[in-house]
Amino acid sequence: MHEHDNAPLTVLFIGGTGTISASCVRLADASGMRVTVLNRGTNRVQRELPASVEQLTADVADEQALAAAIGDRTFDSVVNFLSYDEDDVQRMLRLFSGRVGQYVHISSGSIYAKPVLQTPITESTPTGPNPPLPYATAKWRAERALFEAHRASGFPVTIVRPSHTYDDQNPPLPGGWTVIDRLSRGEEIPVHGDGTSLWTLTHAEDFAQGLVGLLGNSRTIGEVFNITSDDVYTWDQIYTVVAKAMGVEPRLVHIASELYPVIAPEWFWSGEMVGDLGHSAIFDMTKIRRFVPGYAPKLTFERSVARMLAWRAEHPDIARGDEATQAVLDRFVAAYHDAKAAAARHTAVVRTPAEDAEQARNDRAADESAEVTEVRA
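Residues numbered from 1 in each chain as written. Predicted model: local features only at pLDDT ≥ 70, side-chain atom pairs only at ≥ 80, totals over all residues. Heavy atoms only, no water.

Draft legend 1. Up close: the overall build of the chain. Counting its regular elements, the chain contains 13 helices and 12 strands. Taken over C-alpha atoms, the radius of gyration comes to 27 Å for the chain, far larger than the 21 Å a tight globule of 377 residues would show. Along the first, second and third principal axes, the C-alpha set of the chain runs to 105 × 50 × 40 Å. Taking all 377 residues of the chain together, the buried fraction comes to 51%. Contacts in the chain between residues at least 24 apart in sequence constitute 79% of all its contacts with a sequence separation of at least 6. Roughly 17,800 Å² of accessible area belongs to the chain as shown, and the carbon and sulfur atoms make up 51% of that amount. Of the charged side chains in the chain, 35 are positive and 50 negative; the average position of the first set lies 3 Å away from that of the second. (Helix = DSSP H or I, 4+ residues; strand = E, 2+ residues; numbered from the N terminus. Rg over C-alpha atoms; globule rule 2.2 N^0.38 Å. Buried < 20%, exposed > 50% of the residue type's maximum accessible area, 1.4 Å probe, protein only. Contact = heavy atoms within 4.5 Å. Areas by Shrake-Rupley, 256 points an atom, 1.4 Å probe, with all protein chains shown as cover. Lys, Arg positive; Asp, Glu negative; His and termini not counted. Charge placed at Lys NZ, Arg CZ, Asp CG, Glu CD.)

Draft legend 2. How the structure looks around the sheet that holds strand S1 (residues 10-14). The sheet built from seven strands is open, its strands ordered S3-S2-S1-S4-S5-S6-S10 with parallel pairing. Looking at the sheet topology across the chains shown, the edges are occupied by strand S3 (54-57) and strand S10 (224-227). Averaged over all pairs of adjacent strands, the angle between their axes in this sheet comes to 20°, without regard to strand direction. Pairing analysis gives five bridges linking strand S4 (residues 75-80) to strand S5 (residues 100-106), with the strands arranged parallel. Its bridge partner being in S5, Phe 75 is matched across the sheet by Val 100. (Pairing = 2+ DSSP bridges. Axes fitted to C-alpha atoms, helices over the stretch in contact; angles between N-to-C directions.)

Draft legend 3. Structural view of the packing of aromatic side chains. Tallied over the entire structure, the rule returns 14 aromatic pairs. Judged by centre distance (6.3 Å) and plane angle (40°), the ring pair of Phe 96 and Tyr 103 falls under tilted. One exposure class covers both Phe 96 and Tyr 103, and it is buried. For the pair Phe 225 and Phe 291, a centre-to-centre distance of 4.8 Å together with 80° between the ring planes defines the contact as edge-to-face. Of this pair, Phe 225 sits in strand S10 while Phe 291 sits in helix H10 (residues 286-291), placing them 66 residues apart in sequence. Among the aromatic residues, ring-to-ring pairing joins Phe 96, Tyr 103 and Phe 155 into one connected group. The ring of Phe 291 is capped by Arg 219, whose NZ or CZ atom sits 4.9 Å from the centre of that ring. Lying across the ring of Phe 225, Lys 287 places its NZ or CZ 5.0 Å from the centre. (Phe/Tyr/Trp six-rings, centres within 6.5 Å; stacked < 30°, edge-to-face > 60°. Lys NZ or Arg CZ within 6 Å of the ring centre and 35° of its normal.)

Draft legend 4. Spotlight on the packing of helix H5 (residues 177-185) against helix H7 (residues 235-246). Where H5 meets H7, the closest approach of the two axes is 10 Å, and the angle between their N-to-C directions is 55°. One element, H5, and the other, H7, form an angle in the oblique class. The chirality of how H5 crosses H7 is right-handed. Contacts from Val 179, Ile 180, Leu 183 and Ser 184 of H5 reach H7 at Tyr 239, Val 242, Ala 243 and Met 246. In the contact of H5 with H7, the residues fall into seven nonpolar, one polar and no charged. (Parallel < 35°, antiparallel > 145°, perpendicular 65-115°, else oblique. Left-handed = near helix turned anticlockwise from the far one by under 90°. Nonpolar A, V, L, I, M, F, W, Y, C, P; charged D, E, K, R; others polar.)

Draft legend 5. Helix H6 (residues 204-214), seen in detail. Judged by how many residues are buried, H6 sits mostly within the fold: 10 of 11 residues are covered. Taken together, the buried positions of H6 are Ala 204, Asp 206, Phe 207, Ala 208, Gln 209, Gly 210, Leu 211, Val 212, Gly 213 and Leu 214. Backbone geometry just downstream of H6 places Gly 216 in the positive-phi region, at approximately 80°.

Draft legend 6. Layout of the sheet that holds strand S11 (residues 232-234). One open sheet holds the three strands; their spatial order is S7-S9-S11, and the pairing between them is mixed. Where the open sheet ends on each side, the last strands, each with one partner, are strand S7 (164-166) and S11. Each strand of the sheet is rotated relative to its neighbour by a mean of 40°, with strand direction disregarded. For strand S9 (residues 198-203) and S11, the ladder comprises three bridges, and the chain directions are antiparallel.

Draft legend 7. Quick peek at unusual backbone geometry. Residue Pro 115 follows Lys 114 across a cis peptide bond; omega there is -5°. Along the chain, the position of Pro 115 falls in the loop between S5 and helix H4 (134-153). Between Thr 119 and Pro 120 the backbone carries a cis peptide bond, its omega angle lying at 0°. In this fold, Pro 120 is placed in the loop between S5 and H4. Of note in the backbone geometry, Gln 46 takes a positive phi value of approximately 60° without being a glycine. Note on placement: Gln 46 falls in the loop between strand S2 (34-39) and S3.

Draft legend 8. View of the environment of Phe 332. Looking at the element boundaries, Phe 332 is found in helix H12 (residues 323-344). Measuring from C-alpha to C-alpha, the distance between Phe 332 and Ile 255 comes to 7.8 Å, with 77 residues separating the pair along the chain. In this structure, Phe 332 is in contact with Pro 190, Ile 255, Tyr 260, Ile 263, Ala 264, Trp 267 and Ser 270, ignoring residues within four places of it in sequence.

Put into structure tokens, the structure is as follows:
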């Protein structure tokens, strides 16, 4: 789609080496845009960027360092993957007001109010704070602050809401590579709910099609866009697809979503189970396809898993689990077995026909004795 676009736009990506942003940087560069990336200079999982991409170094939470790195430059589009809360928004407004044609704020599909009462989720589905997820609540407040700036001063904001986006270096499983390690060893895997809630997965390369297609389009100012794929699975299917690609049989145990914060309140994913992953999430892509007619995700999760596992084999020092996550998952599995044992203690007693007859005789005898007692009284 973009190989023959060659739009001479100047684009600043704040972030640029993360799960979602690296693919967007690569596609924008391949599309002929003049791309600059600004981040702290870390690239832990070695996501490679084209040599033609200009790189600036600064901590985005340090306003003076950020201003010094950018200087007096202007950009056609700024795409901020790192903005988190209202304080971040205010820094961006001070820095870019009057200096950018389009400011793209990467928000989150987790800000849609739960439970979602009707699917698919469109851009007009109600949003709101998400108490189990401080991250989602902060993103919701950031959106509100940006729209207020747009109404008050015309700040040229475009909002993008991705959902669960992954790439070859970051598997979309709660617990990441630790879960894949457990699958490979035949260990039990905790799955929230009964494993049948529906979930949309989007590879970052597919997300990039939609995002890059929005850049430089003045009609997107003041608009909100969901950008996901149409690749929808149950959670049991997600784990089974990974296991099948590894040639193993998954051993899945199911835990009520609301118990995750009880068992491991300190784990990031516990809040996700209650505030997001425990609900079905299917998104409507009509709007992004109207603004970006060529938007067509190509990578299914099943195809992507093969790429993930190949990257894992090539980077065993990076693509591996960690002891802390392993310990948390062990706790969930132990809790599952404890709960199962506790439930078994409440099982109704099943008697044989002979035992039922004996119980009936005892009951009649007890009734007759009670009648005699009443007569004597």
